[in-house]
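Each chain is listed here by its residues.
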Amino acid sequence: MKSEKLIVGNMKMNLSATEISEYLKKFQFDDPQDQVVICPSAVYIPYFLKQPYKVGIQNVFFRDKGAYTGEISVSQVASLGIEYVIVGHSERRIYFKESDQDINKKVISALKYGFTVILCIGETAEEKGLLKTARVLKRQLLNCLRNVDTHYFSKIIIAYEPVWAIGSDVTPTLMEIEETIQYIKGIVLQYFGHEDIRVMYGGSVNSKNIEELNQISNVSGFLVGGASIRAEEFLKIIEVTVKK
Ligand code: PEP
């Protein structure tokens, strides 16, 4: 039986134009195409638009247009017919100093333009060590979802990405992920009155651990970074999660 999990590939700032065209040749699969979202570097998005699977963008700016050199607006991305946007990735928070308040503006703006928003949250190694995970996730959720009308919540997917698990080949235990997802769902229900928000897991998902991670009962899919830039590896992950 088909599951409704979503698999999102965050290619980050990787691959040359030549490598992208090789990737496109290799990255071919049959249904269900609508459960797979690939987020290449923005400059390569046009190459992916004719593919049968979904395309997303790794980041957007919240303003519609204007003198913001180097930025890409939600309205521009929407005009290409793109449906998914990743917001609040930890690399944006850490390297580009994006605050919860900046992310909140992006969430609101992207929802207004009809996007499905993949909102990343997660604790750092230090915060985990200080037993602050619950507090950090709650703060990120409350700030990033502030003033978001509840009728939009079905278009929001929370990506739980412990920062220490990203690109590290280390993942939390299945029970830790399951409990954290339950906690996130509880916060969204308690503070926003929305039942059963979709929550994905991201952080060192690869073809070796996907069988195991896929056993998590309450996970709505996976956000895959490094493994998504290797077409064969990403296809294996898709095979396990969406084709069974
Ligand atoms: C990410 O950066 O969103 C991510 C999950 O990366 P990786 O899979 O490489 O840990």
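Our subject is the structure listed above.
Because the structure is predicted, anything quoted here is derived from the model rather than measured.

Structural notes on the site of the ligand
Move 1: Near the ligand there are 15 residues, and of these K12, H89, E161, G167 and S204 occur at the shortest range.
Move 2: The separation between an oxygen atom of the ligand and a polar main-chain atom of G225 is 2.8 Å.
Move 3: Compared with its free state, where it exposes 290 Å², the ligand has 96% of that area covered by protein.
Move 4: Along the lines of polarity and charge, the residues of the shell around the ligand split into four nonpolar, eight polar and three charged.

Let's talk about the environment of D64
Move 1: The topology assignment puts D64 in the loop between strand 3 (54-57) and helix 3 (74-79).
Move 2: On the basis of relative accessibility, which here comes to 34%, the residue D64 falls in the partly exposed class.
Move 3: Along the sequence, D64 and E19 sit 45 residues apart, while their C-alpha atoms lie 32 Å from each other.
Move 4: In this view, D64 contacts S73, S75 and Y113; residues no more than four positions away in its chain are not counted.
Move 5: Separated by 2.9 Å, the side chains of D64 and Y113 make a polar contact.

About the thresholds
Residues numbered from 1 in each chain as written. Predicted model: local features only at pLDDT ≥ 70, side-chain atom pairs only at ≥ 80, totals over all residues. Heavy atoms only, no water. Near = heavy atom within 4 Å. Polar contact = N/O pair within 3.5 Å; in protein donor to acceptor, adjacent residues only side chain to side chain. Areas by Shrake-Rupley, 256 points an atom, 1.4 Å probe, with all protein chains shown as cover. Nonpolar A, V, L, I, M, F, W, Y, C, P; charged D, E, K, R; others polar. Helix = DSSP H or I, 4+ residues; strand = E, 2+ residues; numbered from the N terminus. Buried < 20%, exposed > 50% of the residue type's maximum accessible area, 1.4 Å probe, protein only. Contact = heavy atoms within 4.5 Å.

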